[in-house]
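Close look at the chain arrangement
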Amino acid sequence: MIRSLQHVGMTVPDLEVGRAFYEAVGLQARMAGEHLVMRCKGRAQDQVRLIPGAEKQLSYVAFGTDAQGMHAIRESLSYHGVVLHPAPFEIGSEGLWFRDPSGDWVHVSESESMPAGHLPTPELNTPGRYRRIGERGCTPTSRLRRVTPLRLGHLIKFTSDINRSIAFYTQVLGMKVSDRAGDAVAFLRCGCGGDHHVLGLAKSTHSGLHHLSFEVMDIDEIQLGAQHLMSLGYESAFGLGRHVAGSNYFHYIRDPWNSLIEYFWDIDVIPEDCEWEAIDGTPQDVTAVWAASPPPETFIKNFEVARDD
Ligand SMILES: [Fe+2]
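Read on for a plain summary of the structure. (Residues numbered from 1 in each chain as written. Predicted model: local features only at pLDDT ≥ 70, side-chain atom pairs only at ≥ 80, totals over all residues. Heavy atoms only, no water.)

Glancing now at the coordination of the iron ion. Within the first shell, the iron ion binds the protein through His154 (NE2), His211 (NE2) and Glu262 (OE), at distances of 2.0 to 2.2 Å. Positions of the donor residues of the iron ion along the chain correspond to the pattern H-x56-H-x50-E. Taken together, the residues His154 in strand S10 (residues 151-159) and Glu262 in strand S18 (residues 260-265) connect sequence positions 108 residues apart. On the basis of relative accessibility, which here comes to 1%, the residue His154 falls in the buried class. (Donors = N, O, S within 2.8 Å, 3.2 Å for Na, K, Ca; no water. Helix = DSSP H or I, 4+ residues; strand = E, 2+ residues; numbered from the N terminus. Buried < 20%, exposed > 50% of the residue type's maximum accessible area, 1.4 Å probe, protein only.)

Disulfides are covalent bonds that link the sulfur atoms of two cysteine residues. Counted according to the given criterion, the structure contains zero disulfides. Of the cysteine sulfurs around Cys40, a residue in no disulfide, the closest is that of Cys190, at 17 Å. With no disulfide of its own, Cys274 has Cys192 as its nearest cysteine by sulfur position, at a separation of 14 Å. (Disulfide = S-S within 2.5 Å.)

Quick look at the sheet that holds strand S4 (residues 46-52) now. The strand order across the open sheet formed by seven strands is S2-S3-S4-S1-S5-S7-S6, and the pairing between neighbours is mixed. With one partner strand each, in any of the chains shown, strand S2 (28-32) and strand S6 (96-99) form the two edges of the open sheet. The sheet shows a mean angle of 25° between the axes of neighbouring strands, taken without regard to direction. Bridge count for strand S3 (residues 35-39) against S4 is four bridges, and the pairing is antiparallel. What sits directly across from Val37, in S4, is Arg49. (Pairing = 2+ DSSP bridges. Axes fitted to C-alpha atoms, helices over the stretch in contact; angles between N-to-C directions.)

For the largest pocket, the calculated volume is near 420 Å³. Residue assignment for the lining of the largest pocket shows that the elements contributing at least two residues are strand S12 (185-189), strand S15 (208-215) and helix H5 (283-287). Broken down by element, the lining of the largest pocket gets its largest block of residues, four residues, from H5. When its residues are assigned to classes, the lining of the largest pocket shows twelve nonpolar, six polar and three charged. (1 Å grid on protein atoms, 1.4 Å probe; cavity = no way out; pocket = protein on both sides within 12 Å on 5 of 7 lines; lining within 4 Å. Points joined across faces, edges and corners; volume = space filled by probe spheres on them. Nonpolar A, V, L, I, M, F, W, Y, C, P; charged D, E, K, R; others polar.)

Here the focus is the sheet that holds strand S20 (residues 279-280). Strand order in the open sheet formed by ten strands is S20-S11-S12-S14-S10-S15-S18-S17-S16-S21, and the pairing between neighbours is mixed. A single partner strand is all that each edge strand has here, and the edge strands are S20 and strand S21 (290-291). With seven bridges connecting them, S10 and S15 associate as antiparallel partners. Across the sheet, Leu152 pairs through a bridge with Phe214, a residue of S15. In the packing of helix H1 (residues 15-25) onto the sheet, the strands contacted are S15, strand S17 (249-254) and S18, and the crossing angle to S18 comes to about 15°. Lying on the sheet, helix H4 (residues 219-231) is in contact with strand S16 (236-242), S17 and S18; it crosses S17 at an angle near 15°. (Contact = heavy atoms within 4.5 Å.)

In this section: the environment of Gly92. Mapped onto the elements of the fold, Gly92 is located in the loop between helix H2 (67-79) and S6. Each C-alpha atom of the pair Gly92 and Phe303 lies 29 Å from the other, and the pair is 211 residues apart in sequence.

No statement about biological role is implied by the geometric values presented.
In structure tokens:
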């Protein structure tokens, strides 16, 4: 029923700190009323909405679907006794507002995933498939390449009850489990197929944002983007590496509020009719094929303060 991740909203104590960070990540920022909204260059879709607040907290996740999906979701919410609420945030979009089992706000509207502003991809020379002939792959100025993420691919958020959250997102909103590690972490895709995961759930005592993940053009952009952020004083949290769940290459950087952004490239894509067999292993089984160094213990720590509600 849910067909796309649209954007993520969070409260932060200082919008200008947020603007500096996300512009360094490579996104474009603009004010929308009291909020600061980030988009990817060349893509007409909000990706992150920062709302002024006392401290940094995940505020809501906005998903998109089609007219048929809206009807089905309304019916499903009603069937499962999920209460609809008036808009808790003014985001300039009609749609349904309700809470998930973690108490996190969810917004669903009739909206499509907008095409990303892809550039021509450099050809790769892989053994037996040499495609870049008589042409340099790199030049002395390659290191100056500035990274502009193509789209927000997914988020991972914390929940106190993985199984209850999985049941909600699969049974009520039609998502599917692509991989999981027991009740520690789960990766969910849209029922219509697409990226291996648009929503991840990680176990904690309470809700919070773990990371937002942005697709880039290639593995060079992952590391060039990460190095640029590190040169500005932002901290590397995990990477460079390659995940098992999703198969994507990754590098995670801490945002100014101790959650993370991830640059990713080469994620698994799963069609709607695919007989996908989900892994259910240990956290180590799904975390990384390889990485520059093991994940620090703080990688999976929830730094967000529990909400009162
Ligand atoms: Fe990720």
